Amino acid sequence: MSFPVHRLRRLRKTELLRGLVRETPLSGANFVYPMFVRPGSNIRQEVSSMPGVFQQSADKIVEDCREVELLGIPGVILFGLPETKDARGASSLQKDGVVQRAIEAIRKAKLNLIVITDVCLCEYTDHGHCGVIENGEVANDATLGILAEQALSHARAGADIVAPSDMMDGRVGAIRETLDEHKFENIAILSYAAKYCSGFYGPFREAAQSAPQFGDRRSYQMDPGNVREALKEVELDLEEGADMVMVKPALAYLDVIRRVRDAFDVPVGAYNVSGEYAMVKAAAQKGWLDEQRVVLEIVTGIQRAGAEIILTYHAKDVARWLKAC
Ligand code: PBG
């Protein structure tokens, strides 16, 4: 039986009805807000290609985190802009490094927030690659120990979750082992498992000052044409001890999010990255798009694709809009 007995428009008549039958209701409870920490104090500098996103000193990060908490967003992910860079990313391991200090400041403020840290070398190396360089190449195995040390120092500073984004093979296992050896067996790993080599990271590299100084990241990040390989990446990271996995970027990879969601019984995250944010902001500033409407549509789409955790620079805006509803 179909029309005129069936009329799907009956359930679209009012917002109350639409809300009642909505399959993918949004809530701020699934968001993670990314933040960029820099040295110093009282510094809050906007990233030109990401309006509304700031590089901030730890004191300002704490203020911003207070707002994040008030908005009901459960967590933040921290990226560091260190004072110094070298070939091996030594500044990422310091007890008083930028990220470590920011974590401590957030902890001291006793905020009810999950603190996640991005674990990678690109923000800390002078060459801007995510691993150390040997014979002109990004060396996999020689990078693992440094990543594990970095994760350990974040855990010591008080992080709840570490999120390796470097795409070296074996890094999840190396991090898990080091954390466990030092009695941090309750620190979780959110792995950037399926991280593609993407042009959508462009604005982030301004925000985090992490652009590679030679070559590109194709030898370690995934080829955009692949999805079976993403499943393999996820499988291996889970075997090595990842508690949650992530697909990144989100919008050009919604099929990958869905495939990962269907294939594995762990929480799946998606990173709505800097370029995805910048496109919306730029078009909205020109008056070409209704920002609120498209952002809500984008995060709904990412959730509908199967992500239960969404890392997005829009998080505070979305939470505000949802509160106002
Ligand atoms: C570091 C890292 C990157 C992003 C998150 N962690 C950049 C890169 O791999 O070049 C991108 C985030 C974004 O674009 O918002 N490896």
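About the criteria used
- Residues numbered from 1 in each chain as written.
- Predicted model: local features only at pLDDT ≥ 70, side-chain atom pairs only at ≥ 80, totals over all residues.
- Heavy atoms only, no water.
- Helix = DSSP H or I, 4+ residues; strand = E, 2+ residues; numbered from the N terminus.
- Buried < 20%, exposed > 50% of the residue type's maximum accessible area, 1.4 Å probe, protein only.
- Contact = heavy atoms within 4.5 Å.
- Axes fitted to C-alpha atoms, helices over the stretch in contact; angles between N-to-C directions.
- Parallel < 35°, antiparallel > 145°, perpendicular 65-115°, else oblique.
- Left-handed = near helix turned anticlockwise from the far one by under 90°.
- Nonpolar A, V, L, I, M, F, W, Y, C, P; charged D, E, K, R; others polar.
- Salt bridge = Lys/Arg side-chain N within 4 Å of Asp/Glu carboxyl O.
- Near = heavy atom within 4 Å.
- Polar contact = N/O pair within 3.5 Å; in protein donor to acceptor, adjacent residues only side chain to side chain.
- Areas by Shrake-Rupley, 256 points an atom, 1.4 Å probe, with all protein chains shown as cover.
- Arc of directions from axis to C-beta.
- Core = buried A, V, L, I, M, F, W, Y, C linked by side-chain atoms within 4.5 Å.

Asker: Run through the environment of Glu134, naming residues and quoting values.
Answerer: Of note, Glu134 is situated in strand β6 (residues 132–134). Owing to a relative accessible area of 41%, Glu134 belongs among the partly exposed residues under this scheme. With 101 residues separating them in the primary sequence, Glu134 and Tyr33 have C-alpha atoms 35 Å apart. Other than its neighbours up to four places away in sequence, Glu134 contacts Ala139 and Ala142.

Asker: Break down the packing of helix α2 (residues 58–70) against helix α3 (residues 98–108) for me, with residues and values.
Answerer: The N-to-C vectors of α2 and α3 enclose an angle of 45 degrees; their axes lie 9 Å apart at closest approach. Overall, the two elements α2 and α3 adopt an arrangement that is oblique. α2 and α3 meet at a crossing whose hand is right-handed. Contacts between α2 and α3 involve Ala58, Ile61, Val62 and Cys65 from the first element and Ala102, Ala105 and Ile106 from the second. Tallied by class, residues from the contact of α2 with α3 come to seven nonpolar, no polar and no charged.

Asker: Describe the pattern of salt bridges, listing the residues and the values that go with them.
Answerer: Tallied over the entire structure, the rule returns 19 salt bridges. A salt bridge links Arg176 to Asp180; its shortest N-O distance comes to 3.0 Å. On the criterion of helical spacing, the pair formed by Arg176 and Asp180 is a turn pair, its members being four residues apart in helix α5 (residues 171–181). For Arg176, a relative accessible area of 13% translates into the label buried. Across the pair Lys281 and Asp317 runs a salt bridge whose closest N-O atoms are separated by 3.9 Å. In this pair, Lys281 sits in helix α9 (residues 274–285) while Asp317 sits in helix α11 (residues 315–324), placing the two residues 36 residues apart along the sequence. With a relative accessible area of 12%, Lys281 lands in the buried category.

Asker: Requested: an account of the site of the ligand, with residues and values cited.
Answerer: Close to the ligand lie 19 residues, the nearest being Lys195, Arg205, Lys248, Ser274 and Tyr313. At 2.6 Å, a side-chain N or O of Lys195 approaches an oxygen atom of the ligand. Within the side chain of Arg217, an N or O atom sits 3.0 Å from an oxygen atom of the ligand. Protein chains shield 100% of the accessible area of the ligand, which is 400 Å² for the free molecule. Looking at the shell around the ligand residue by residue, the class counts come to 11 nonpolar, three polar and five charged.

Asker: Before we move on, can you summarise helix α8 (residues 254–263) with the specific residues and values?
Answerer: Within α8, the full set of buried residues consists of Val256, Ile257, Val260 and Arg261. Looking straight down α8, one finds its buried side chains confined to an arc of 135 degrees; they lie on one side. Structurally, α8 contributes buried residues whose contacts are with β9 (188–195), α7 (228–240), β10 (244–248), β11 (268–272) and α10 (291–304).

Asker: How would you summarise the nonpolar core if you had to cite specific residues and measurements?
Answerer: Among the nonpolar cores identified, the biggest contains 59 residues, and Leu78, Val256, Ile257 and Val260 are the most heavily contacted of them. Broken down by element, the residue count for this core peaks at six residues, all from α10. Excluding residues that lie within four positions of it along the chain, Val260 makes contacts with Leu231, Val234, Val245, Val247 and Val268. Among the nonpolar cores identified, the runner-up in size contains 26 residues, and Ile161, Ala163, Ala188 and Phe204 belong to it.

Asker: Talk me through unusual backbone geometry; I want residue IDs and the actual numbers.
Answerer: Look at the link from Phe3 to Pro4: it is a cis peptide, with omega at 10 degrees. Within the secondary structure layout, Pro4 lies in the segment before α1 (15–21). The linkage connecting Lys248 with the following residue, Pro249, adopts the cis geometry, with an omega of -10 degrees. On the secondary structure map, Pro249 appears in the loop between β10 and α8. Even without glycine at this site, Asn42 takes up a positive phi of about 55 degrees. For Asn42, a relative accessible area of 56% corresponds to the exposed category. Even without a glycine there, the phi angle at Lys110 is positive, about 55 degrees. When you line up the elements, Lys110 lands in the loop between α3 and β5 (114–119).

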